[in-house]
Amino acid sequence: MKSNFWTIKRILNYVVALVLFGFTLEVGARIDDAVSFDAPFFGAYSSILLRAHDEDGLRKNIPRGQFEKWKNNSLGFRGPEISLEKPEGIVRVACMGTSETYGLYESPDKEWPGQLREFLSDYSKFEVINTSTVGLPLVRYKDYIQRYVLPLSPDIIIIYSSPHSYLANRIRVENGIVGLGEIQGGARPSLPGNEFYGESRSVPKIRQMVRAFLPPSLIEWYDGYSGRKQIAAAEARYLRGEKPFDVIPDELLASYTQDITDLILFLQENNIRPILCNFPSLLSKENLEKYPGTFMAGRRFIVELSFEGMLDTSARVTKLNEQIALDLGIGFLDNDGIIPKDKDHFADNVHYTDTGAELVARTIADYLKINY
Amino acid sequence: MLFNSFIFAVFFPIVLVLYWIVPFRLQNILLLAASYVFYGYWDWRFLSLIAISTIVDYISGLKLEAENIKNDAKSPKRKKFWVTLSIVVNLGLLGFFKYYNFFVSSFEDMMAEFGVHMDPLYLSIILPIGISFYTFQTMSYTIDIYKGNMKPTKRFFDFALYVAFFPQLVAGPIERAKALLPRILKKREFNANQFMEGVHLIFWGLFKKVYVADNLAPMVDRYFAMSNLTSFEALIASYGFVFQVYCDFSGYSDIARGCAKCLGIELMLNFNHPFVAINPGDFWKRWHISLSSWLRDYLYISLGGSRVKTWKIYRNLIITMLLGGLWHGAAWTYVVWGAYHGAILIGYRLLRPVMARATWFRETFSETTKRVVKVLVVFHLILLAHTIFRTSSVLNIWDMISPLFIWKGSIDWSLSIPLLQYIVPLILFEAIFKSDWNKVKKVHLWGRSLIYGSLFYLLAMHGATQQSFIYFQF
């Protein structure tokens with residue numbers, strides 16, 4: 001009886017020690033966030049602080065929203081403060097896109113619009129505004145621009161959009177799985193957690209630390225493993241027994257052409273010069289074998305396309321964009337052909353490293369310097 | 001294989017589990033195989049050098065002992081032959097791989113001064129990591145047998161394990177055979193307290209290496225690459241480097257000792273709070289103890305040590321420290337560093353009688369104040385030595401140390417923040433626990449959880465990315 005009591009006491013002692021260890025990590029993470037990012041010690045602290053949906057279900061960055069390295073200005077755009085009114089003699093360049101434009105893996109100010117701003121800093125006539133918002137689907141660019149970008153009176157809008165994401169969403173709409181207004185691109189923002197303590201802040205940091213410590217090959221393997229599971233769940237939800245596309249049907253590409261054309265015409269009607277960019281990604285036949293985990297992790301958002309379908313989309317949309325730009329007489333940049341498809345330039349399938357973003361920015365900057 | 005790498009994090013637990021499962025006779029074989037895998041993971045070709053060293057010294061040891069037993073008229077001559085063979089082979093390997101190009105280039109420069117232009121043969125060789133450590137370690141075995149200080153072992157694989165024992169193979173401590181070999185030959189029992197102390201040492205060593213040293217490294221590198229430093233920047237660079245090198249090297253030693261403890265084998269203490277040394281001699285009893293005691297026993301004492309005329313003592317000190325400097329690497333900065341250390345050791349000996357007569361100092365200040373003053377003076381003398389050690393060439397030494405003596409520029413306190421951020425947790429932990437497991441384990445388990453939790457947070461979240469150990473190049 002007595003020995004049982006001591007055993008239980010001993011076990012409890014170790015359990016409390018373990019809890020205290022975890023508690024210290026959590027307190028450390030919160031102090032760290034407070035010191036590094038001016039984050040609140042208690043309460044919700046996640047990417048939900050950065051963006052929300054407006055009354056029409058349109059994704060929009062929250063003005064002055066701040067989470068870790070990401071900061072929105074008072075108008076809700078990532079980057080420095082700007083006035084709503086365009087200053088005299090300034091050419092305003094708005095960068096439209098989603099997470100690859102808003103910036104994900106890059107260091108602060110190293111996302112491509114940030115670096116574009118830096119490259120054009122000697123040309124005082126340009127003012128670069130990162131008008132992107134994470135997860136905004138292409139079909140809603142027009143509404144978004146009308147509501148949030150036109151008030152800035154931009155002169156140029158650079159259009160960046162993932163064709164894979166567009167096609168996947170288009171298929172979902174046509175199959176009646178989601179309504180046009182419900183389309184969301186990319187990952188959902190993380191949950192806010194409990195109002196008082198929020199969600200754990202040490203766990204994501206530890207996960208990140210473990211990923212940094214493990215060899216890339218193991219990470220690839222794990223991403224492949226967990227990606228497969230998530231893909232299976234997403235396929236069950238979105239494909240409903242159908243097979244993903246290996247070759248994109250022409251009618252889907254036609255609706256892409258239609259939507260992009262509508263957007264460009266809308267911009268031109270508003271005296272804005274659009275520049276259409278091909279969407280660079282890590283995707284290539286060789287890389288599919290080299291980084292299977294990376295593509296598994298990426299495909300869970302676009303299960304309607306097989307890997308072959310993704311390759312087919314990239315190849316055909318690249319040509320299509322060039323043709324659309326030519327037909328409508330607008331600027332066109334083939335960034336996909338310029339950025340090397342390797343892990344020095346891409347942190348994952350579609351997001352850049354600082355170096356990759358630098359190359360995107362440099363290409364656009366050179367184009368703007370020559371043409372405007 | 002780096003201690004702070006993923007591969008070691010997999011390798012060591014596997015070795016550890018197998019080690020405590022297999023019977024004693026197989027434990028040493030397992031450790032020997034693990035040691036060769038550990039070293040061969042870096043470059044398997046250089047395993048041959050360890051094997052050569054092992055075979056030569058094993059045979060020399062047995063032959064020396066045979067002569068010790070025989071003890072006939074020719075024995076001294078034969079003993080001299082075997083010990084010389086061991087020294088020539090070990091120093092030959094070391095000299096060839098580490099110093100060949102250095103001496104050739106120095107000779108070429110010297111001849112150029114006399115107007116003779118040469119075109120010597122430079123070899124494209126890489127330095128086998130840890131060669132300075134294991135050659136010194138294995139040489140001590142034959143020298144000790146030659147001197148009659150120990151008996152050789154007939155167990156070849158156990159001796160091979162002594163030479164290649166992986167926790168201390170590439171950066172020490174340089175263990176003497178008479179200390180480590182008996183521990184290898186003796187049956188080990190699992191001891192939970194020893195094991196926990198080992199885990200504590202591994203953790204603390206990783207903290208010093210990954211959090212302090214590797215985070216200070218980029219800052220130090222940046223300053224040492226700059227020209228025209230202000231005095232404050234030079235100070236920050238010097239303070240940064242002294243803590244970087246201490247945490248890098250003592251961190252390695254702690255991890256080595258910790259791993260060995262987990263395997264039930266004790267290794268010697270290599271660092272004993274060197275920055276609280278009260279005189280230059282005391283510093284060498286606390287810093288890289290295994291090398292300084294090796295140089296003392298096998299070089300300084302062989303030259304006559306302190307039992308000779310005063311000028312000869314100074315000569316011995318200078319020779320020992322010059323060779324100690326050269327041991328670190330084939331560069332003139334290390335020679336200057338050695339000469340500087342020799343000079344401060346001699347300076348201290350010269351000043352000692354003067355200080356003994358300074359009664360006002362003894363009588364005016366309390367013991368604590370006197371100690372603090374001494375510690376600060378010695379620390380800054382050592383700081384200067386490390387600054388010399390870190391400079392890229394002899395020509396840059398003055399550029400780096402002159403701002404420390406001639407004030408230049410203004411003070412920008414913000415520059416000290418990155419330095420303080422990394423050294424304050426180190427100093428706090430060292431001050432409270434003196435890195436001593438016996439002090440740590442007295443803290444209640446819950447308190448330890450909080451301490452380890454804090455240190456783990458800093459190590460895991462703010463540790464720098466994997467970098468090699470500074471002393472791997474020596």
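Quick caveat, the model's predicted, so the values are computed rather than measured.

Conventions adopted
Residues numbered from 1 in each chain as written. Chains lettered and ligands numbered in written order. Predicted model: local features only at pLDDT ≥ 70, side-chain atom pairs only at ≥ 80, totals over all residues. Heavy atoms only, no water. Helix = DSSP H or I, 4+ residues; strand = E, 2+ residues; numbered from the N terminus. Rg over C-alpha atoms; globule rule 2.2 N^0.38 Å. Buried < 20%, exposed > 50% of the residue type's maximum accessible area, 1.4 Å probe, protein only. Contact = heavy atoms within 4.5 Å. 1 Å grid on protein atoms, 1.4 Å probe; cavity = no way out; pocket = protein on both sides within 12 Å on 5 of 7 lines; lining within 4 Å. Points joined across faces, edges and corners; volume = space filled by probe spheres on them. Nonpolar A, V, L, I, M, F, W, Y, C, P; charged D, E, K, R; others polar. Buried area = accessible area lost by both parts, 1.4 Å probe. Salt bridge = Lys/Arg side-chain N within 4 Å of Asp/Glu carboxyl O. Polar contact = N/O pair within 3.5 Å; in protein donor to acceptor, adjacent residues only side chain to side chain. pLDDT = per-residue confidence, 0-100. Disulfide = S-S within 2.5 Å. Pairing = 2+ DSSP bridges. Axes fitted to C-alpha atoms, helices over the stretch in contact; angles between N-to-C directions. Patch = residues over 30% accessible without salt bridge, like charges linked within 9 Å, V, L, I, M, F, W, Y side chains within 5 Å. Areas by Shrake-Rupley, 256 points an atom, 1.4 Å probe, with all protein chains shown as cover. Phe/Tyr/Trp six-rings, centres within 6.5 Å; stacked < 30°, edge-to-face > 60°. Expected span 1.5 Å × (residues − 1). Bend = angle between axes of the 7 residues up to and from the residue.

Colleague: Lay out the overall build of chain A with the relevant residues and their values.
Modeller: Regarding its fold elements, chain A presents 13 helices and nine strands. Taken over the C-alpha trace, chain A has a radius of gyration of 23 Å; the compact-globule value for 372 residues is 21 Å, and the two agree within 12%. With the C-alpha coordinates of chain A rotated into their principal frame, the extents come out at 90 × 50 × 40 Å. Looking at the 372 residues of chain A, the share that counts as buried comes to 50%. Nonlocal contacts in chain A, meaning residues at least 24 apart in sequence, comprise 72% of its contacts between residues at least 6 apart.

Colleague: With reference to specific residues and values, describe empty space enclosed by the protein.
Modeller: Residue and element names in this part refer to chain A. Counted under the stated rule, the structure contains three cavities of 30 Å³ or more. Counted as a void, the largest cavity has a volume near 110 Å³. Residue lining of the largest cavity: 17 residues in total, with P163, N278, F279, V317 and N321 positioned closest to the centre. Among the elements of the structure, α5 (163-174), α8 (250-269), β8 (273-277) and α11 (307-328) are those that each provide at least two residues to the lining of the largest cavity. With four residues, the top contributor of residues to the lining of the largest cavity is α11. Residue classes in the lining of the largest cavity are distributed as nine nonpolar, seven polar and one charged.

Colleague: Could you give me a rundown of the interface of chain B and chain A, with the residues and numbers involved?
Modeller: Chain B puts 17 residues into the contact, and the matching count from chain A is 20 residues. Together, the buried faces of chain B and chain A total about 1500 Å²; carbon and sulfur atoms form 77% of this surface. On the chain B side of the contact with chain A, B:F6, B:W446 and B:Y457 bury the most area, a combined 39% of that side's loss. Where chain B meets chain A, there are zero salt bridges. At the boundary of chain B with chain A, the tally comes to four residue pairs in polar contact (both at pLDDT 80 or more). When residues of the side of chain B that touches chain A are traced back to their parent elements, those giving at least two are α1 (6-21) and α20 (445-462) of chain B. With 12 residues, the single largest contributor to the side of chain B that touches chain A is α20(B). A per-class count over the side of chain B that touches chain A returns 10 nonpolar, seven polar and no charged.

Colleague: Residues and numbers for the confidence of the model for chain B, please.
Modeller: Scored by pLDDT, chain B has a mean of 89; 98% of the residues are at 70 or more. Across the assembled chains, the prediction reports ipTM 0.76 with pTM 0.82.

Colleague: Describe the state of the cysteines, listing the residues and the values that go with them.
Modeller: In the structure shown here, the tally under the stated rule is zero disulfides over all chains. Free of any disulfide, A:C95 has its nearest cysteine sulfur in A:C277, 9.0 Å distant. Here A:C95 falls in the buried class, since its relative accessible area comes to 0%. Free of any disulfide, B:C259 has its nearest neighbouring cysteine sulfur in B:C262, separated by 6.5 Å. On the basis of relative accessible area, B:C259 is assigned to the buried category, the value being 1%.

Colleague: Just give me the short version of the sheet that holds strand β6 (residues 126-130) of chain A, but keep the residues and values in it.
Modeller: All names here are of chain A. Across the sheet, which stays open at both edges, the five strands sit in the order β6-β5-β7-β8-β9 with parallel pairing between neighbours. Both outer strands of the open sheet, β6 and β9 (331-333), are each paired with one neighbouring strand and no more. Between one strand axis and the next, the sheet turns through 20 degrees on average, direction left out of account. Helix α4 (residues 141-149) rests against β5 (91-96) and β7 (156-159) of the sheet, and its axis sits at about 140 degrees to β5. Along the sheet, α11 contacts β8 and β9; its crossing angle with β9, the most-contacted strand, is approximately 160 degrees.

Colleague: Account for the pairing of β7(A), with residues named and values stated.
Modeller: All names here are of chain A. Across the two faces of β7 the burial is the same, with I156 and I158 and I157 and I159 all buried. By the bridge criterion, four bridges tie β5 to β7 in an arrangement that is parallel. Opposite C95, over in β7, you have I158 as the bridge partner. Across four bridges, β7 lies against β8 in parallel orientation. Note that in β8 the partner of I158 across the bridge is I275.

Colleague: Account for a nonpolar patch on the surface, naming residues and giving values.
Modeller: Residue and element names in this part refer to chain B. Together, F107, M110, F114, V116 and M118 make up an exposed nonpolar region whose accessible area comes to about 480 Å². Here F107 shows up in helix α4 (residues 75-113). A residue is classified by how much of its surface remains accessible, and F107, at 42% relative accessible area, is partly exposed.

Colleague: I'd love a proper account of the packing of aromatic side chains, names of residues and values included.
Modeller: This model, assessed by the stated rule, comprises 67 aromatic pairs over all chains. Plain terms: the ring middles of A:F21 and B:F456 are 5.7 Å apart, the flat faces sit at 45 degrees to each other, and that makes the pair tilted. Of this pair, A:F21 sits in helix α1 (residues 2-37) while B:F456 is found in helix α20, placing the two residues in two different chains. On the basis of relative accessible area, A:F21 is assigned to the partly exposed category, the value being 25%.

Colleague: Give a description of the environment of B:K408 that names residues and reports values.
Modeller: Residue and element names in this part refer to chain B. You can see K408 is positioned in the loop between α17 (394-405) and α18 (416-433). With relative accessibility at 33%, the residue K408 sits in the partly exposed group. Residues K408 and E233 lie 175 residues apart in sequence; the distance between their C-alpha atoms is 9.6 Å. Among the polar contacts made by the side chain of K408, one reaches the main-chain carbonyl oxygen of L229 at a distance of 3.2 Å.

Colleague: Before we move on, could you go through the side chain of B:T320 and cite the residues and values that matter?
Modeller: Residues and elements named next belong to chain B. Positionally, T320 belongs in helix α13 (residues 310-328). On the basis of relative accessibility, which here comes to 6%, the residue T320 falls in the buried class. Engagement of the side chain of T320 in a polar contact is seen with the backbone oxygen of N316, the distance being 2.6 Å. Sequence-distant contacts of T320, defined by excluding residues within four places in its chain, comprise L295, L299, Y300 and L303.

Colleague: Go over helix α9 (residues 192-225) of chain B, please, and point to the residues and values.
Modeller: Residue and element names in this part refer to chain B. Counted at 1.5 Å a residue, the expected span for α9 with its 34 residues is 50 Å, and the 47 Å between its end C-alpha atoms agrees. At A217, α9 shows its maximal bend, which comes to roughly 35 degrees, and the proline P218 appears one to four places after that position. Burial analysis of α9 places 24 of its 34 residues in the buried class, which makes it a mostly covered element. Regarding α9, its N-cap is N191, as a side-chain oxygen of that residue lies 2.9 Å from the backbone nitrogen of N193 further along.

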